[in-house]
Amino acid sequence: HTHKEFIVCSSHFFWDPKGPEIKAQQALVLNVELERLLTTDEEWKWRTGVDDEKIAAAEDVDVNTIPIIFGADLNAMPWKDQADEYDADLPQGQGFRSGVYELMSTAVLPRTHRDHPYARIQSREQSLMKANEPSSGVYKMSQKELEYVGELPDWRIALRWRSVYAAVNKRNQCKEPMFTNRVPSFTATLDYLFVS
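All values reported here derive from a predicted model rather than from experimental measurement.

**Q** Looking at this structure, how should I read the environment of V61?
**A** Mapping V61 onto the fold places it in the loop between α1 (20-40) and β2 (68-73). Linking V61 and K45, residues 16 residues apart in sequence, is a C-alpha distance of 8.7 Å.

As structure tokens, then:
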């Protein structure tokens, strides 16, 4: 027995491929709340050292030293390189990481990333303006959304996650698996196992 403690958590993110910004928001909130829970909540604060009674002050806790296993159905592919009905404007031969995967694997989701709410709403606004006369009122909702997100910054999380699948998947050049979900109409990677 090592008597080492670790944390296991799991989640199932929003399913709809039309809402990648919602999934990115879920990833952000999960990470922010997990960090808050482990650094400031008296019942969950991480204990340090050999003496289990010694509780660190919030500013002394490095969340990246806390062993966490996170299994999740993120409903987001790690990489997308083909245009489809949800990302019709994806340039041929170019791809991108989903916003969820970008945030989880790099700890940053720039506001310019196409799955960041700011970029997604701005893109939808431009599409609606092209398709409709400005006076038609069709795109006012997204203008209102754009006001709400305003100067929304890049998103940053403190936890530094590593993908277990990518680390051990030697046959696939240390990438995520070819698929974790296979049905007749869809085959892709949507499920992940991360460790801190």
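**Q** How should the sheet that holds strand β1 (residues 7-12) be read in this particular structure?
**A** Backbone hydrogen bonds hold the strands of a sheet together, and the pairing may be parallel or antiparallel. Read across the sheet, four strands follow the order β1-β2-β10-β7 without closing on themselves; strand pairing throughout is mixed. Both outer strands of the open sheet, β1 and β7 (162-163), are each paired with one neighbouring strand and no more. Relative to β2, β1 runs parallel, the two being bridged by six bridges. Among the inter-strand pairings, V8 is bridged to a residue of β2, identified as I69.

**Q** What's the story with the packing of aromatic side chains in this structure? I'm lost.
**A** How two aromatic rings sit relative to each other is given by the distance of their centres and the angle of their planes. Using the criterion set out here, one finds six aromatic pairs in the structure. Geometrically, the ring pair formed by F14 and W15 is tilted, given 6.2 Å between the ring centres and 45 degrees between the ring planes. Look at F14 and you get partly exposed, because its relative accessible area is 28%. Of the residues examined, W15 reaches a relative accessible area of 60% and is grouped as exposed. Through pairs of rings, three or more aromatic residues link up here, namely F70, Y101, W161, Y192 and F194. For the cation-ring pair, R111 lies above Y118, with the distance from its terminal atom to the ring centre recorded as 3.6 Å. Here R182 stacks its cationic end above the ring of F179, 5.3 Å away from the centre of that ring.

Conventions we followed
- Residue numbering note: each chain is counted from 1, following its sequence as written.
- The model is predicted, so local features are restricted to residues of pLDDT at least 70 and side-chain atom pairs to those at 80 or more, both for listing and for counting; the totals for chains, interfaces and linings are taken over all residues.
- Heavy atoms throughout the structure, all of them, feed into the side-chain values; hydrogens and water do not.
- Each helix is a run of H or I in the DSSP string that is no shorter than four residues. Each strand is a run of E no shorter than two, and both are numbered from the N terminus.
- Two strands pair if DSSP finds at least two bridges between them.
- Pairing of aromatic rings covers Phe, Tyr and Trp, the last counted by its six-membered ring, and requires centre-to-centre distances within 6.5 Å; plane angles under 30 degrees mean stacked, over 60 mean edge-to-face, and any other angle means tilted.
- Any residue under 20% of the maximum accessible area for its type is buried, any over 50% is exposed, and the rest in between are partly exposed; the area is computed with a 1.4 Å probe on protein chains only.
- Both a distance and an angle decide whether a charge sits over a ring: NZ of Lys or CZ of Arg must be within 6 Å of the ring centre and within 35 degrees of the ring normal.

Read these as layout, nothing more, since geometry by itself doesn't imply function.
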